[in-house]
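Coordinate inspection notes
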Amino acid sequence: MCGRYVRKSTRREIAAWFGTDIGIEDENNLDWGASYNVATQTFQPVVRLNRDSGQREIVLMRWG
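The rules behind each value
- Starting from 1, residues in each chain are numbered consecutively following that chain's sequence as written.
- The model is predicted, so local features are restricted to residues of pLDDT at least 70 and side-chain atom pairs to those at 80 or more, both for listing and for counting; the totals for chains, interfaces and linings are taken over all residues.
- Hydrogens and waters are ignored; side-chain quantities use all the structure's heavy atoms.
- What counts as a helix is a DSSP run of H or I of at least four residues, what counts as a strand is a run of E of at least two, and both are numbered from the N terminus.
- Exposure classes here rest on a 1.4 Å probe applied to the protein chains alone. A residue is buried below 20% of its type maximum, exposed above 50%, and partly exposed in between.
- To form a nonpolar core, buried Ala, Val, Leu, Ile, Met, Phe, Trp, Tyr and Cys residues must be joined to one another through side-chain atoms within 4.5 Å.
- The rule for a salt bridge is simple: a side-chain nitrogen of Lys or Arg has to be within 4 Å of a carboxyl oxygen of Asp or Glu.
- In this scheme, strands are said to pair when DSSP sees at least two bridges between them.
- Every residue gets a pLDDT, meaning the predictor's confidence in that residue, from 0 to 100.
- This arc corresponds to the set of directions leading from the helix axis out to the C-beta atoms.
- Here, residues are in contact when the closest pair of their heavy atoms is within 4.5 Å.

Section: the side chain of E57
Within the element layout of this structure, E57 appears in strand 4 (residues 56-62). Judged by relative accessible area, E57 falls into the buried class, the value being 11%.

As structure tokens, then:
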């Protein structure tokens, strides 16, 4: 996948929009802000269903 995109939302905004828990930890335990030049091979937030609980969660996954 190629291409770049803009992510203006913060972790708090994404959590509120998708109804997820703000306290969910990502693998780096970082609180990320807006990014105006998201490139391939960078880690970006993804909302997915937790395999065990079935609840929505925010995790960082590699883009591209």
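Back to the text.
Here's the deal with the nonpolar core
Of all hydrophobic cores here, the largest spans 5 residues; its members are I14, A15, W32, I58 and L60. Those elements giving two or more residues to this core turn out to be helix 1 (11-18) and strand 4.

Here we look at the pattern of salt bridges
All chains considered together, the criterion is met by 1 salt bridge. The salt bridge partner of E57 is R48, with a shortest N-O separation of 2.8 Å. Judged by its relative accessible area of 38%, R48 falls in the partly exposed class.

A few points about the pairing of strand 3 (residues 43-49)
Here strand 3 pairs with strand 4 via 7 bridges, running antiparallel. Following the sheet pairing, V47 is matched in strand 4 by I58. Turn length for the strand 3-strand 4 hairpin, with the two strands adjacent in sequence and antiparallel, is 6 residues, and the turn residue G54 shows positive phi of about 80 degrees.

Concerning the confidence of the model for the protein chain
Across the protein chain, pLDDT averages 81, with 81% of residues at or above 70. Per-residue pLDDT, averaged within each element of the protein chain, yields its smallest value for strand 2 (residues 35-38) (86) and its largest for strand 3 (90).

Digging into helix 1
Turning to helix 1, its buried residues are R11, I14 and A15. The buried residues of helix 1 all sit within an arc of 100 degrees when viewed along its axis, so they share a single face. Across helix 1 from its buried face, at more than 90 degrees, point the exposed residues R12, A16 and W17. Tucked inside the fold, the buried residues of helix 1 contact strand 1 (5-7), strand 3 and strand 4.

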